[in-house]
Structure formats: structure tokens, C-alpha cells
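Structural features, examined
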Amino acid sequence: EGDVNYPMQISDVLDRMLFDVVASRIMSATVTPPSGPAFEVRRSDPKAEFAFTKIPKGQESVLDSLAASIAETVALLTLENVLPAAQINFTGATKVTHRLFDGLVLKSETVKIDNRRWTKFSASLDVAQAAVAAKSGLITAHKGLKTEAEVKAQVEAINARTAGWAFMLPGMRATDLMRDMKTLFRAKQPRQSAPARPSGE
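Residues numbered from 1 in each chain as written. Predicted model: local features only at pLDDT ≥ 70, side-chain atom pairs only at ≥ 80, totals over all residues. Heavy atoms only, no water.

This part takes up the pattern of salt bridges. Think of it this way: side chains of opposite charge can pair up when their charged atoms draw near. Evaluated as defined, the whole model comprises six salt bridges. Between R99 and D126 there is a salt bridge whose closest N-O contact spans 3.4 Å. Of this pair, R99 sits in strand β6 (residues 94-100) while D126 sits in the loop between β8 (116-125) and α2 (127-136), and the two are 27 residues apart along the sequence. Here K152 ties to E148 by a salt bridge, and the two come within 3.8 Å at their closest N and O atoms. Here K152 pairs with E148, and both are found in helix α4 (residues 148-162), just four residues apart, close to one helical turn. What makes K152 partly exposed here is its relative accessible area of 43%. (Salt bridge = Lys/Arg side-chain N within 4 Å of Asp/Glu carboxyl O. Helix = DSSP H or I, 4+ residues; strand = E, 2+ residues; numbered from the N terminus. Buried < 20%, exposed > 50% of the residue type's maximum accessible area, 1.4 Å probe, protein only.)

With respect to the helices, strands and loops of the structure, D102 is situated in the loop between β6 and β7 (104-113). A polar contact of 2.7 Å, which involves the side chain of D102, links it to the side chain of R25. Of the polar contacts made by the side chain of D102, one reaches the backbone nitrogen of K146; its length is 2.9 Å. (Polar contact = N/O pair within 3.5 Å; in protein donor to acceptor, adjacent residues only side chain to side chain.)

Before going further, it helps to examine the packing of aromatic side chains. The final tally for this structure, using the stated rule, is four aromatic pairs. For the ring pair F39 and F52, a centre distance of 6.2 Å and an interplane angle of 55° mean the geometry is tilted. Within this pair, whereas F39 is found in strand β2 (residues 39-42), its partner F52 is found in strand β3 (residues 51-52), the two being separated by 13 residues in sequence. Like F39, the residue F52 is buried in the burial classification. Both rings, one in F52 and one in F185, keep their centres 5.0 Å apart while their planes meet at 65°; by these two values the pair is edge-to-face. Linking F52 in strand β3 with F185 in strand β10 (residues 185-187), this pair joins segments that are 133 residues apart in sequence. Connected via pairs of aromatic rings, a cluster forms that spans F19, F121 and F167. Positioned over the ring face of F90 is K120, at 4.7 Å from the centre of the ring. (Phe/Tyr/Trp six-rings, centres within 6.5 Å; stacked < 30°, edge-to-face > 60°. Lys NZ or Arg CZ within 6 Å of the ring centre and 35° of its normal.)

The next subject is α4. Look at α4: 21 Å from first C-alpha to last across 15 residues, which is about the 21 Å you get at 1.5 Å a residue. Those residues of α4 that fall on the buried side of the exposure criterion are V151, Q154, V155, I158 and T162. Here the buried residues of α4 occupy an arc of 110° about the axis, which is enough to place them on one side. Across α4 from its buried face, at more than 90 degrees, point the exposed residues A149, E156 and A160. On its buried face, α4 is in contact with β7, β8 and β9 (165-168). (Expected span 1.5 Å × (residues − 1). Arc of directions from axis to C-beta. Contact = heavy atoms within 4.5 Å.)

Within the element layout of this structure, T97 appears in strand β6. The residues contacting T97, other than those within four sequence positions of it, are S28, A29, T30, V105, L106 and K107.

Here we take up the nonpolar core. Counting 33 residues, the largest nonpolar core has F19, F52 and L104 as its most contacted members. If you list the elements that add at least two residues to this core, you get β1 (26-32), β2, α1 (66-71), β6, β7, β8 and α4. Considering every element that reaches this core, the biggest residue donor is α1, with four residues. (Core = buried A, V, L, I, M, F, W, Y, C linked by side-chain atoms within 4.5 Å.)

Right under this line is the structure:
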């Protein structure tokens, strides 16, 4: 008696959470496309807004939220599918380096093959940034940031989980890991003023 629910595909039995990284820890993301210039989004503290460090003259971001979307691609990141990395040709990958306020560094490489995007990751510790976070009081002032010892442990856990694997990520996350300058900006649009109210209102 009873009802047994069988998984319909392999991804149904995967632990989909890749990283326990909250958005407030993220400081910057540097994107290096296979062609064209690299670019960076950054903020000064965990409560500030992300912004592009350089915008071409006479242009603006295609979306006000785009800088934040690129920076936060690794926040609470989940996977859709996974393959051995040896089965994916990462030649010509878009490379992204995420730096966190507490010293965690996440590097990714993403390629598009047969209309699917695959990403591989590695983690490391920026000892100098971890020291800055500790000495400046960032760790105690902002909930979610980790101590140097905690970051070291997370680096080991991330590398143990991701080494040798390529991951298919959710649609927009994968897209934002493959941005280039051509998809970021447009000519400045004229700002429409609000219509004047009739007198007497």
C-alpha cells in the first residue's frame, strides 16, 4: 500500500545548492570575455549598490539592476545539471572572478555548447582582504560575513564539491556569467518628465 514517487530524471535526486554565499558578502565581479574588453562591477560596502566601474561615454546600462545581477550570480547558487568537466571543452570561456568582503574568491569559466551553458568553479582565500575585513570591523558590523577560519573551511568545501565537474546553471544566472560590453550598455535614453497636473488639483 502507499504511493512511491520515483524521480523522473537524474537532476531530481541532486543536491542542487552549490554555494552558501549570501549577496551581502559580495564585493565585486570582474568579467573577462573571450574577446573584447574586461569589465568590473563593484561596491564600497555590503549595504551599497553595485555599479559598473567604467561606462562608455554617452551610454548607460541597459537595465538599472544589471550590475547587481552580474555581481550576485553566485549568491545562493543552485545547479540544473552536472557533467564531468573533462567532457566539456572550455576553450574560449568567459572568465569571472567574484571577490567577497570577507576574502573568499570564486573563479568561474563558462562556455555555451549546443545552446547550453556550462560552468566550472574554483575557490580560494584572499588573505589580505580577510585581514582588512577583520581589522576594519566589517565582520562584526555586517551579518553574514565570515571569519578567516570560516572562509578557509568554505574554500575547502567548495573545491571538494566542484573540482572536476561542470554545472548547468539556471537561465539568467548562466547568461549573466557570459556578459560582454556589447550586451551591457546602450545610448543614453531621453528622460521623460512627468505630465503636468491640471491646475486646481
